[in-house]
Amino acid sequence: MTGSVVHAYGVVRADLDTDREQLPDSGIGGTPVRLLPMRTIAVVVGDLDAGDFGEAAWQQHAEDPAWLEPVARGHHQVLQALAATSDVLPLRLPGIYGDDDGLTEALASEEDRLLERLLFVAGHREWGVQVFGGAMAEPGTPAPTTAQTSAATSGRDYLLRRKQAASQRDEARASRQRLLLEAHRALADVATSSVVNRPQDRALSGRSEPMLLNSAHLVARDAEQRFFEHADQVSREVLEPAGLVMEISGPWPPYNFVTPADQEPLAEEAR
Amino acid sequence: MTQSPEGPVARTTQQGPVFVGNRAPRADSLADVLERVLDKGIVIVGDIQVRLLDIELLTIKLRLMIASVDRAREMGINWWEGDPFVTNLEEGEGRDGDHELQRRVEALEQRLTDRPAEEQHDRAEPDRDR
């Protein structure tokens, strides 16, 4: 043991009832998880071996997926378990601190803001919505036959056809954008707050189809049924006919909603 | 694909399962987990975070991998740009976001290069991109 560092998973209310709302048994590397209470909030932390998970380890291994994946998943699983019974605000990785005092000092000035946010996300869960498309049918490909015969006639025809193909492509794109926006709005309408993230690159998503929409919605539990009905409806009626596939992930702890969005509630904005 | 008894209607219980277009929600993919744990969530800056500049670099690189805006435009998915409703959701990371990220990558890499030699020696890698 080369000493330990404090790893912070997330923030809960200080009055968390640990009899009913149990802490997960273990976190990163199978280490125990404990509660570090402050004034109005408490931090869910674990003590990790400094050699395995400390500052030098992060510097050495952060870009090594074999090291990073279990750390990321261990962090996430603790938050996921907490979110199942209580409200929690996730902390970003790498959330390591020298000791309890260092962490509480860094957190002290944020305490009120975090409590306010905890109350905001209370009773909500985050759902991820991603839309994937097959390769867009390229309307730019000229129809053969007659077009080919005229292809040789003049440069002017050629340019004209190029122009037509380009405008068809623009139209196809614009129409796909309208579909994505319509789908997004149908879901945002039911959500308390919504965030549009950049689509993940294929290198990250590991999929062959491009991701066209990458969003997250904070949905009240009693609105989830309606949220899924909307998702199902736009998926079948709007996206699928255009060859687009919607996938839902979740429930997630409210990773995307730890700070207020510019506009809340968004449902009001959409009207 | 199996049709659920009541047809393709979304439903959920408190813990799921949820079906949308007859698909259950997928398992948490590593990409989704990494996007969230490295790029979302609260940042509480302590001493160690200040020293872990290259970890910020990692998260910025990850964000750059979350499709550059130019590539998104190529794919015809610039729909957030012209729409004030969606542009608001972008939290100011629209058109110029990549330039800002690139600038931060460069600034951070410069700071890493400038760090005192004793902090560098244990992580010096000859093939590291600069």
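Rules used in this analysis
- Residues numbered from 1 in each chain as written.
- Chains lettered and ligands numbered in written order.
- Predicted model: local features only at pLDDT ≥ 70, side-chain atom pairs only at ≥ 80, totals over all residues.
- Helix = DSSP H or I, 4+ residues; strand = E, 2+ residues; numbered from the N terminus.
- Buried ≥ 20, exposed ≤ 12 C-beta atoms within 10 Å, placed from the backbone.
- Contact = placed C-beta atoms within 7 Å.
- Axes fitted to C-alpha atoms, helices over the stretch in contact; angles between N-to-C directions.
- Parallel < 35°, antiparallel > 145°, perpendicular 65-115°, else oblique.
- Left-handed = near helix turned anticlockwise from the far one by under 90°.
- Nonpolar A, V, L, I, M, F, W, Y, C, P; charged D, E, K, R; others polar.
- Domains from an automatic or database assignment.
- Arc of directions from axis to C-beta.

1. Some points on the overall build of chain B
1) Next: When you go through chain B residue by residue, the secondary structure sums to seven helices and zero strands.
2) Next: When its helices and strands are written in sequence order, chain B yields α-α-α-α-α-α-α.
3) Next: Burial analysis of chain B (130 residues in total) assigns 23% to the buried set.
4) Next: A separation of at least 24 residues holds for 41% of the contacts in chain B among residues at least 6 apart in sequence.

2. Structural notes on the packing of helix α7 (residues 155-188) of chain A against helix α9 (residues 224-239) of chain A
Residues and elements named next belong to chain A.
1) Next: Packing of α7 against α9 leaves a shortest axis separation of 9 Å and a crossing angle of 165 degrees. Comparing the axis directions of α7 and α9 gives the class roughly antiparallel. Judged by the sense of rotation from one axis to the other, the crossing of α7 with α9 is right-handed. Where α7 approaches α9, its residues Leu179, Glu182, Ala183, Ala186 and Leu187 are matched on the opposing element by Phe227, His230, Ala231, Val234, Val238 and Leu239.
2) Next: Classifying every residue of the contact of α7 with α9 gives nine nonpolar, one polar and one charged.

3. Remarks on the domain arrangement of chain A
Residue and element names in this part refer to chain A.
1) Next: What the domain assignment lists for chain A is domain 1 (4-121) and domain 2 (124-269).
2) Next: If you look at the interface, domain 1 gives eight residues, while domain 2 gives seven residues.
3) Next: Of all the secondary-structure elements, those providing two or more residues to the side of domain 1 that touches domain 2 are α3 (65-85), β4 (89-90) and α5 (111-121).
4) Next: Broken down by element, the side of domain 1 that touches domain 2 gets its largest block of residues, three residues, from α3.
5) Next: Its residues placed into classes, the side of domain 1 that touches domain 2 shows six nonpolar, one polar and one charged.

4. Quick notes on unusual backbone geometry
All names here are of chain A.
1) Next: For the peptide bond that leads from Leu93 to Pro94, omega is -5 degrees, which places it in the cis range.
2) Next: Turning to its location among the elements, Pro94 is positioned in the loop between β4 and β5 (96-97).
3) Next: A cis amide bond links Gly250 with the next residue in sequence, Pro251, at an omega value of 0 degrees.
4) Next: One can find Pro251 in strand β9 (residues 244-252).

5. Concerning the packing of α3 of chain A against helix α1 (residues 30-39) of chain B
Each pair of packed helices can be described by the angle between their axes along with the distance between the axes.
1) Next: Relative to each other, α3 of chain A and α1 of chain B sit at 75 degrees, their axes nearing to 10 Å. The angle between the axes of α3 of chain A and α1 of chain B places the two elements in the roughly perpendicular class. For the pair α3 of chain A and α1 of chain B, the contacting residues are Glu69, Ala72, Arg73, His75 and His76 of chain A in the first and Leu30, Val33, Leu34 and Val37 of chain B in the second.
2) Next: Class assignment of the residues belonging to the contact of α3 of chain A with α1 of chain B gives a composition of five nonpolar, two polar and two charged.

6. Thoughts on α5 of chain A
Because an α-helix packs 3.6 residues into every turn, residues spaced three or four apart end up facing the same way.
Residues and elements named next belong to chain A.
1) Next: For α5, the full list of buried residues reads Leu114, Arg117, Leu118 and Val121. Angular distribution of buried residues about the axis of α5 spans 105 degrees; they occupy a single face of the element. Opposite the buried face of α5, by more than 90 degrees, sit the exposed residues Asp112, Glu116 and Leu119.
2) Next: Close packing links the buried residues of α5 with β1 (4-13), β3 (41-49), β4, β6 (124-133) and β8 (211-220).
3) Next: Where α5 ends, the next residue or the one after it, Gly123, has phi of about 75 degrees, a positive value.

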